[in-house]
Amino acid sequence: MHHLLILLLLIVSYLPVRAQSISNVTPKPVEFAQTGKEAVVVNGNTTIVYDAFYADQAVYLKGLVKEQVGLDLQLQAASQSKGVKDGTITLVQDEKAITKDEMYTLVAAGKDITIRAKDTRGAVYGIQTLLQLLSLQQVKSVQVPAVSVTDYPRFAYRGMHLDVVRHMFPVSFIKKYIDYLAFHKFNTFHWHLTDDQGWRIQIDSYQKLNSIGSWRKETLIGHFKDQPARYDNTRYGGFYTKEEVREVIRYATVRGIEIIPEIDIPGHSRATIAAYPEFSTKPDTTWNVATTWGMYNRQNNVLAPRPETFKFLRTVFHEVAELFPSKYFHLGGDETSKMWWKADPYSQKFIKDQKLKDEKGLQTYFIEQVASYLAEKNKTVIGWHEILEGELPKSTIVMNWGGEKEAIAAANRKHKVIMSPGKPLYFDHYQSKDPNDSLAIHGYNTVDAVYNFEPVPEALRKQNLDSYIIGAQANVWTEYMGSPAKVEYMIFPRMTALSEVLWTPKEQRNYADFKRRLKTAVIPRYKTWGSNYFRNFEKWTAEK
Ligand code: ACM
């Protein structure tokens, strides 16, 4: 009897490891079924067969499988795959069967797993789903359940933002962040590259942006509201070189992620005017790159409407536009403090001469100018919702960090809207009310609040204007995130919750089931990534 048991255990240990269930996939696919047939075995003899269009994704898949389960799969172009006998994972570009952008189907049956898509993203998402059907341990062989999946996103824009100004992160972490996006089937990385506290991208035409604007003398310690303010007396800064930016873009492109750069104007420009005081409303002042957080009267943050400022903006926006392949460019436009223009005779005369209504009109003038420079490079402009304080071309996309009111107004003015409301999509807000929780700016945005967020306001649905809401994005401002581990603590698991809001049909969302999948499948994955996350999300709910 004893021996029999040992024999049995021995046999079991040689059987392929059972993989994850299709019902554990996150974000939850649109349609999926366990087809009941025998599981498909993936082992060291399995070959990835790929259509030429998916050559990069085949290599990407091979790397991910190796990392996750330790199997070193073969790679074979479909055009040369005649002799392939054993099991296959096939990436097929199929413009007939696949009817929507970003869609994929995944069928595992017999000896084969086939992912069909028509664009890069569809294949990337099929790959993410497949990886969730494999085990999380290193194995010699794994059984993928026989399944059929048909899947596509609810929203076209699924974004995550990262502020690399208040704190900067190494290129290795930017890539990791892009991997987090790809896993969660997000398609856009909004890279917030400039602000009052620093300029974080190489610029050749105005080099003082880097030699001066990329560095601050020191950094605030503790919370912005603490009195008296204390500083760390340590120079801080740096910038991404163009070569690093290109490397990140290449990395993101394979993963179906579009990178939208943001250069924030005409406010949040303290780093610019520290480097070039002649673009400020007080050219005779020596401005420093901001060392504290917050804005308005604690720091000057606006550009003055001088000819040399507009020449600067055209040159620099062109330089950055040429670097990024995205057809979108984010020009900020938020929190422009009007007091500096009010107090500046030159700006007042400019407002009068240009027949602008007031300082809001001047803000709009800046946005229009930069939008026209970007149009020369075929870029469509995105701006924070304050840009609608003026009239802009309908092609301008509004990123709304306010509430439903701003979204409803923008859609009624026929602008496309990306929802990114402070509540609940600012991931720099607290996720608990524990006084010992790690420092955050303020607020209380829990995982369940994120999960239950509905991007389309009811009022727009009633007006049949829901299609103006093209998606949503969470923002990650890093005043209180000095390390990658702190960023991870703030985004996980809230980002996982948002992925399902953006991907899964509304009727199929179910928080209890999401939590089950989060605990059984996603958190174990955070652990294999070595990623930090907020553990106490069940205790701290929107009700509390
Ligand atoms: C913002 O939070 N000022 C976009």
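Keep in mind that what you see is a predicted model, and the values were worked out from it rather than measured. (Residues numbered from 1 in each chain as written. Predicted model: local features only at pLDDT ≥ 70, side-chain atom pairs only at ≥ 80, totals over all residues. Heavy atoms only, no water.)

1. What to know about the overall build of the protein chain
The number of helices and strands found in the protein chain is 18 helices and 24 strands. Relative to the 2.2 N^0.38 estimate, which gives 24 Å for 544 residues, the radius of gyration of the protein chain is 25 Å and therefore close to what a compact globule would have. Counting the 544 residues in the protein chain, one finds 59% classified as buried. A fraction of 75% describes how many contacts in the protein chain between residues 6 or more apart in sequence connect residues 24 or more apart. A total of about 22,400 Å² of accessible surface is found on the protein chain, and carbon and sulfur atoms cover 53% of it. (Helix = DSSP H or I, 4+ residues; strand = E, 2+ residues; numbered from the N terminus. Rg over C-alpha atoms; globule rule 2.2 N^0.38 Å. Buried < 20%, exposed > 50% of the residue type's maximum accessible area, 1.4 Å probe, protein only. Contact = heavy atoms within 4.5 Å. Areas by Shrake-Rupley, 256 points an atom, 1.4 Å probe, with all protein chains shown as cover.)

2. Describing the nonpolar core
Formed by 153 residues in total, the largest nonpolar core has its most connected members in Tyr177 and Trp191. If you look at the next biggest cluster of nonpolar residues, it comprises eleven residues, including Ile397, Met399, Tyr426 and Trp477. (Core = buried A, V, L, I, M, F, W, Y, C linked by side-chain atoms within 4.5 Å.)

3. Re the confidence of the model for the protein chain
Summarising the model, the protein chain shows a mean pLDDT of 95, and 96% of its residues fall at 70 or more. When mean pLDDT is taken per element in the protein chain, strand β12 (residues 188–192) scores highest with 99 and helix α1 (residues 2–14) scores lowest with 60. (pLDDT = per-residue confidence, 0-100.)

4. Considerations on the packing of helix α8 (residues 307–323) against helix α11 (residues 359–375)
Contact pair α8 / α11: the axes reach a minimum separation of 9 Å and the direction vectors enclose 45 degrees. With respect to their mutual orientation, α8 and α11 come out oblique. Considering how the two elements wind past one another, α8 and α11 form a crossing that is right-handed. Each of Thr309, Phe310, Leu313, Arg314, Phe317, His318 and Ala321 in α8 lies in contact with α11, whose residues at this interface are Tyr365, Phe366, Gln369, Val370, Tyr373 and Leu374. Of the residues in the contact of α8 with α11, the class split is nine nonpolar, three polar and one charged. (Axes fitted to C-alpha atoms, helices over the stretch in contact; angles between N-to-C directions. Parallel < 35°, antiparallel > 145°, perpendicular 65-115°, else oblique. Left-handed = near helix turned anticlockwise from the far one by under 90°. Nonpolar A, V, L, I, M, F, W, Y, C, P; charged D, E, K, R; others polar.)

5. A few points about the sheet that holds strand β5 (residues 74–77)
With mixed pairing, the seven strands of this open sheet are ordered in space as β2-β10-β7-β8-β6-β4-β5. With partners counted over all chains shown, the strands left at the sheet margins are β2 (31–34) and β5, one partner each. Pairwise comparison of adjacent strand axes, ignoring direction, gives a mean angle of 10 degrees for this sheet. Here strand β7 (residues 104–109) runs beside strand β8 (residues 112–117); their pairing, made up of six bridges, is antiparallel. Residue Val107 lies in a different strand from β8, and its bridge partner there is Thr114. Lying over the sheet, helix α3 (residues 120–133) contacts β6 (88–93), β7, β8 and β10 (147–151), oriented at roughly 40 degrees with respect to β7. (Pairing = 2+ DSSP bridges.)

6. Observations concerning the pattern of salt bridges
Evaluation of the coordinates by the stated rule reveals 33 salt bridges. Where Asp513 meets Lys28, a salt bridge forms, and the shortest distance between an N and an O atom there is 2.9 Å. Highlighted residues: Asp513 in helix α18 (residues 511–529) and Lys28 in the loop between β1 (17–18) and β2, separated in sequence by 485 residues. Looking at Asp513, the relative accessible area reads 17%, which means it is buried. Two residues, Glu454 and Arg509, come together in a salt bridge whose shortest N-O distance is 3.8 Å. Of the two residues, Glu454 sits in the loop between α14 (447–451) and α15 (458–462) while Arg509 sits in the loop between α17 (494–503) and α18, which places them 55 residues apart along the sequence. What makes Arg509 buried here is its relative accessible area of 16%. Among the charged side chains, a salt-bridge network with shared partners connects Lys28, Glu500, Asp513, Arg516 and Arg517. (Salt bridge = Lys/Arg side-chain N within 4 Å of Asp/Glu carboxyl O.)

7. Side note on unusual backbone geometry
That bond from Ile265 to Pro266 is cis: its omega, -10 degrees, falls within 30 degrees of zero. In this fold, Pro266 is placed in the loop between β19 (258–265) and α7 (270–275). Residue Phe492 is joined to Pro493 through a cis peptide bond whose omega torsion reads 5 degrees. Within the secondary structure layout, Pro493 lies in the loop between α16 (484–491) and α17. Positive phi values are uncommon outside glycine, yet Glu102 reaches one of about 70 degrees. Considering the arrangement of structural elements, one finds Glu102 in the loop between β6 and β7.

8. Some details on the sheet that holds strand β22 (residues 397–400)
If you trace the eight strands once around the closed barrel, you get β11-β12-β19-β20-β21-β22-β23-β24, paired in parallel fashion. On average, each strand axis in the sheet is inclined to that of its neighbour by 30 degrees, with strand direction left out of account. Docked against the sheet, α11 engages β19, β20 (328–332) and β21 (380–384), running at close to 160 degrees with respect to β20.

9. Notes on the packing of aromatic side chains
In this description, a pair of aromatic rings is defined by centroid distance and the angle of the planes. If you walk through the whole model with that rule in mind, you get 35 aromatic pairs. Seen in terms of ring centroids, Trp191 and Tyr240 are 5.2 Å apart; in terms of plane orientation they differ by 55 degrees. Their pairing is tilted. You can see Trp191 sitting in strand β12 and its partner Tyr240 sitting in the loop between β18 (236–237) and α6 (242–254), a full 49 residues away along the chain. The burial state of Trp191 is the same as that of Tyr240; both residues are buried. One cation-aromatic arrangement involves Lys100 over Tyr152; the distance from NZ or CZ to the ring centre is 4.6 Å. The ring of Tyr451 has Arg509 lying over it, and the distance from NZ or CZ to the ring centre is 5.9 Å. (Phe/Tyr/Trp six-rings, centres within 6.5 Å; stacked < 30°, edge-to-face > 60°. Lys NZ or Arg CZ within 6 Å of the ring centre and 35° of its normal.)

10. Regarding the pairing of β20
Of all the five residues making up β20, five are buried; the element is thus mostly covered by neighbouring parts of the structure. Residues of β20 alternate between two faces, with Tyr328, His330 and Gly332 on one and Phe329 and Leu331 on the opposite face, all of them buried. One ladder, built from two bridges, connects β19 with β20; its direction is parallel. The residue bridging Glu262 from the neighbouring strand is His330, located in β20. In this sheet, β21 lies alongside β20 in parallel orientation, the contact comprising three bridges. Directly across from Phe329, in β21, lies its bridge partner Val381.

11. A short note on α3
Between the first and last C-alpha of α3 there are 20 Å, a value that for 14 residues agrees with the 20 Å anticipated at 1.5 Å per step. A large share of α3 lies buried, amounting to twelve of its 14 residues. (Expected span 1.5 Å × (residues − 1).)

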